[in-house]
Amino acid sequence: MKKIYSVLVENRSGVLCKVAGLFSRRCFNIDSIAVGETDDPEVSCMTIVSSGHPTTMEQIEKQLNKKLDVIKVKTFSEEKSISRELMLIKIKYNKGNRRDVMDICTVMDAKIVDMSKTHMIIQVCDIPERTALFIKMLQGISIVEVARTGTLALQKCAEADV
């Protein structure tokens, strides 16, 4: 079972360490974590994706709610959320495979953001499964470097507490 935790926390140093420590001490797995300021500079939002037994997922939510720096915890499943991941991927290409790379970018709605005679950097913003598929599609081409963000997610509008 996979759960997404949207955790509003006070925007102070050490808060990320405390939350990560909670997961570490209890041997809970973090599949992905992304942190950023909200519209209020005093508050940050942590989007944490974790997987495990349903009892473990419930325990994580309870433990997060006990933390002093935590303002609010929302949990939702992948089905009830819109999630995205950003990936930058640098590849080495040649004249023989350049057209193939461009076709893959078109099909996957990816954007070439930098290019030289032998290298290009491609940006992909999609669900985590499609970013993984994009990497798989480029396996025949020389991948130089990959940088991926953690998953960002919001509850779907029909499901959200407004």
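Quick note: structure is the one above.
Predicted, not measured: the structure shown is a model, and the values here were computed from it. (Residues numbered from 1 in each chain as written. Predicted model: local features only at pLDDT ≥ 70, side-chain atom pairs only at ≥ 80, totals over all residues. Heavy atoms only, no water.)

A. The environment of Leu 22, seen in detail. You can see Leu 22 is positioned in helix α1 (residues 15-25). Residues Leu 22 and Val 49, spaced 27 residues apart in sequence, show a C-alpha to C-alpha distance of 14 Å. Other than its neighbours up to four places away in sequence, Leu 22 contacts Phe 28, Gln 63, Leu 64 and Lys 67. (Helix = DSSP H or I, 4+ residues; strand = E, 2+ residues; numbered from the N terminus. Contact = heavy atoms within 4.5 Å.)

B. Focus on the packing of α1 against helix α2 (residues 54-66). For the pair α1 and α2, the least separation of the axes is 11 Å and the interaxial angle reads 145°. Relative to α2, the crossing made by α1 is right-handed. In this structure, α1 contributes Val 19, Leu 22 and Phe 23 to the contact, and α2 contributes Ile 60, Gln 63 and Leu 64. (Axes fitted to C-alpha atoms, helices over the stretch in contact; angles between N-to-C directions. Left-handed = near helix turned anticlockwise from the far one by under 90°.)

C. Geometry of the pattern of salt bridges. Summed over the entire model, instances satisfying the criterion amount to seven salt bridges. Its salt-bridge partner being Lys 62, residue Glu 58 comes within 3.4 Å of it at the nearest N-O pair. With Glu 58 and Lys 62 both in helix α2 and four residues apart, the pair spans about one turn of that helix. The closest approach of N and O atoms between Arg 99 and Asp 103, which form a salt bridge, is 3.3 Å. Of this pair, Arg 99 and Asp 103 both sit in helix α3 (residues 98-107), separated by four residues, roughly a single helical turn. Assessed through its relative accessible area of 36%, Asp 103 is described here as partly exposed. Connected through shared salt-bridge partners, Glu 10, Arg 12, Lys 18 and Asp 69 make up one network. (Salt bridge = Lys/Arg side-chain N within 4 Å of Asp/Glu carboxyl O. Buried < 20%, exposed > 50% of the residue type's maximum accessible area, 1.4 Å probe, protein only.)

D. Layout of the sheet that holds strand β2 (residues 32-37). If you trace the four strands from one edge of the open sheet to the other, you get β2-β3-β1-β4, paired in antiparallel fashion. The open sheet has two free edges, formed respectively by β2 and β4 (70-76), since each of these has just one partner strand. Neighbouring strand axes in the sheet, compared pairwise and without regard to direction, differ in orientation by 15° on average. The sheet contact formed by strand β1 (residues 2-10) and strand β3 (residues 43-51) spans nine bridges and is antiparallel. Residue pairing for β3: Val 9 is matched across the bridge by Ser 44. In this fold α1 packs onto β1, β2 and β3, with an angle of close to 20° to the strand it touches most, β3. (Pairing = 2+ DSSP bridges.)

E. Representation of a negative patch on the surface. A contiguous patch of negative charge on the surface is contributed by Asp 31, Glu 78, Glu 79 and Glu 129. Structurally, Asp 31 can be placed in the loop between α1 and β2. (Patch = residues over 30% accessible without salt bridge, like charges linked within 9 Å, V, L, I, M, F, W, Y side chains within 5 Å. Areas by Shrake-Rupley, 256 points an atom, 1.4 Å probe, with all protein chains shown as cover. Lys, Arg positive; Asp, Glu negative; His and termini not counted. Charge placed at Lys NZ, Arg CZ, Asp CG, Glu CD.)

F. Up close: unusual backbone geometry. Even without being glycine, Cys 27 reaches a positive phi, approximately 60°. Relative to the helices and strands, Cys 27 resides in the loop between α1 and β2. The exposure class assigned to Cys 27 is exposed, which follows from its relative accessible area of 72%. Of note in the backbone geometry, Asp 109 takes a positive phi value of approximately 55° without being a glycine. One can find Asp 109 in the loop between α3 and β6 (111-115). For Asp 109, a relative accessible area of 66% translates into the label exposed.

Nothing here speaks to function; it is all geometry.
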